[in-house]
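Summary of the model geometry
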Amino acid sequence: MVQNVAPVIAELEPEDFHLLSGIEQGMRFSEWVQREKVPEFSGLTDEDVTYRLDRCMDRELIERKTIQYEGYTLTFEGYDALALHTFAERETISGVGAPLGVGKESDVYEVQSYRPLALKYHREGYTNFREVMKEREYTADREHVSWQYTARKAAEREYDALETLYPDVRVPQPIDHNRHAIVMERMDGVELSKAGLDPGQAVGILNLILEEIQTAYHEGYVHADISEYNVFVDSEGITIFDWPQAVPTDHENSDELLARDVENIVGYFRRKHPQKLAKSIDIDSLSRSLREDSFESVRAFEA
């Protein structure tokens, strides 16, 4: 499990960040950066590089491997440290607190700041690199693709979507972005999969979700991975989160992905509340009504 590196930041010196940034630069060309090239990338003397390598190795911010040469690469903790350092320099955040959620493709922490915020680190490719390489189109045209690259591109895509959609769509407000990390509004409420809705609430919540999907489409995006695990329910309605796989509506597969989103969320409510939701709902017709802005509402099933 990737750990919270916030406590380590206070121990690091400016030259340590120069070293980490230098290795990051070298990783644009190779997963493992040759020891001989680190002074050039980092702007440090050879002697200082040796000292900084040991310091960062002790803190598990980098790894060493001997191939045909002695090479170094950032761990995700090292990449986290660079992003967190940038947020601190920008005064976006003043500290990082307890984890809010740890998943296969992201870790989310509470943030100390001027308002309730959350820090999301993308982890795409950290444990399932080959799977991500197949699924994410932004890896297709690069000869060398690292974990850090796939995570950074996922964060960029999500941040762009949030900036476009907020506030017209109920998504977390984006605050700042650097590398593979996003600072955003902290969400209240509970995940839809754990919400324990009364049957009488189910159709109303489904309609709220479909309305947000519709608005997002007309603002230019399809979520492309919506499920009961990335919708929050609270007293004010719903919030849709996790947008790294979002595609613009002019994408060649956007209509197909919209239909899949609709099928996923309608299917969830059918399974959970079969007595309230008609089995006769036509997904294609429903998706078309969302695209054409003619959606009114899904009605409760009446026997």
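Everything here concerns the structure above.
Report follows, based on the coordinates. The model shown is predicted, which means the values in this text are computed figures rather than measured ones.

1. Remarks on the pairing of strand β3 (residues 70-74)
Among the 5 residues of β3, 4 are classified as buried, and the element is accordingly described as predominantly covered. Note: strand β1 (residues 33-34) against β3, 2 bridges, orientation antiparallel. By the bridge assignment for β3, Gln34 is matched with Gly71. Inspection of the sheet shows strand β2 (residues 62-66) paired to β3 by 5 bridges, in the antiparallel sense. The residue bridging Ile62 from the neighbouring strand is Leu74, located in β3. Taking the residues that link successive antiparallel strands as the turn, the β2-β3 hairpin has 3 residues.

2. Details of the pattern of salt bridges
If you walk through the whole model with that rule in mind, you get 19 salt bridges. The residue Glu24 makes a salt bridge to Arg179 at a minimum N-O spacing of 2.8 Å. Taken together, the residues span a long stretch of sequence, with Glu24 in helix α2 (residues 14-26) and Arg179 in the loop between β7 (174-178) and β8 (181-185) at a distance of 155 residues. Judged by its relative accessible area of 16%, Glu24 falls in the buried class. On the accessibility criterion, Arg179 (17% relative accessible area) is buried. A salt bridge links Arg123 to Asp80; its shortest N-O distance comes to 2.8 Å. Here Asp80 lies in helix α5 (residues 76-89) and Arg123 lies in the loop between β6 (117-122) and α6 (129-135), a separation of 43 residues in the sequence. Comparing Arg123 with Asp80, the two get one shared label, buried. Taken together, the salt bridges that share partners define one network made up of Glu13, Glu15, Asp16, Asp48, Arg52 and Arg55.

3. Considerations on unusual backbone geometry
Residues Tyr166 and Pro167 are joined by a peptide bond in cis, for which omega reads 5 degrees. Note on placement: Pro167 falls in the loop between α7 (147-165) and β7. Phi at Arg179 is positive, roughly 55 degrees, even though this residue is not glycine. The backbone phi angle of Asp242 is positive, close to 60 degrees, even though this residue is not glycine. Among the structural elements, Asp242 can be located in the loop between β12 (237-240) and β13 (247-248).

4. Considerations on the nonpolar core
Side chains of a nonpolar character, in soluble globular proteins, are inclined to be buried together. Leu192, Ile209, Leu210, Trp243 and Phe269 are the most contacted members of the largest nonpolar core, which has 46 residues in total. Going through the elements one at a time, α7, β8, α8 (199-219), β10 (221-222), β11 (231-234), β12, α9 (254-272) and α10 (283-291) are the ones with two or more residues in this core. Three or more residues apiece are contributed to this core by two domains, here domain 1 (5-185) and domain 2 (190-301). Not counting residues up to four positions away in its chain, the partners in contact with Trp243 are Arg157, Glu158, Ala161, Leu162, Leu165, Val171, Ala216, Tyr221, Val222 and His223. In terms of nonpolar packing, the next biggest core, distinct from the first, is built from 37 residues, Ile23, Leu44, Leu61 and Ala81 among them.

5. Focus: the sheet that holds β12
Read from one edge of the open sheet, 3 strands run β9-β11-β12, paired in antiparallel fashion. Edge positions in the sheet fall to β9 (190-191) and β12, since each has one partner strand and no second. Pairing analysis gives 2 bridges linking β9 to β11, with the strands arranged antiparallel. Its bridge partner being in β11, Glu191 is matched across the sheet by Phe232. With respect to the sheet, α8 is in contact with β11 and β12, its orientation differing from that of β12 by roughly 45 degrees.

6. Description of the sheet that holds β1
What the 3 strands build is an open sheet, ordered β1-β3-β2; its pairing is antiparallel. Two strands bound the open sheet, and with one partner strand each, they are β1 and β2. Sheet contacts for helix α4 (residues 46-58): β2 and β3; angle to β2, the most-contacted strand, approximately 110 degrees.

The rules behind each value
- Along each chain, residues carry numbers from 1 onward, in the same order as the chain's sequence is written.
- Side-chain atom pairs in this predicted model are given and counted only at pLDDT of 80 or more, local residue features only at pLDDT of at least 70, and totals for whole chains, interfaces and linings cover all residues.
- Only heavy atoms go into the side-chain values, all of them from the structure, while hydrogens and water stay out.
- The rule is simple: take the accessible area with a 1.4 Å probe, protein chains only, and divide by the maximum for that residue type; under 20% is buried, over 50% is exposed, in between is partly exposed.
- Secondary structure counts use DSSP, requiring at least four H or I residues in a row for a helix and at least two E residues in a row for a strand, with both numbered from the N terminus.
- Two strands pair under a simple rule: DSSP has to find at least two bridges between them.
- The term salt bridge refers to a side-chain nitrogen of Lys or Arg lying within 4 Å of a carboxyl oxygen of Asp or Glu.
- The definition of a nonpolar core used throughout is a set of buried Ala, Val, Leu, Ile, Met, Phe, Trp, Tyr and Cys residues joined through side-chain atoms within 4.5 Å.
- Each domain's extent is set by a domain assignment, obtained either automatically or from a database.
- The contact criterion used throughout is that any non-hydrogen atoms of two residues lie within 4.5 Å.
- Axes, fitted as lines to C-alpha atoms, cover a helix only where it is in contact. Angles between the N-to-C directions of the axes lie from 0 to 180 degrees.

These values are about where atoms sit, not about what they do.
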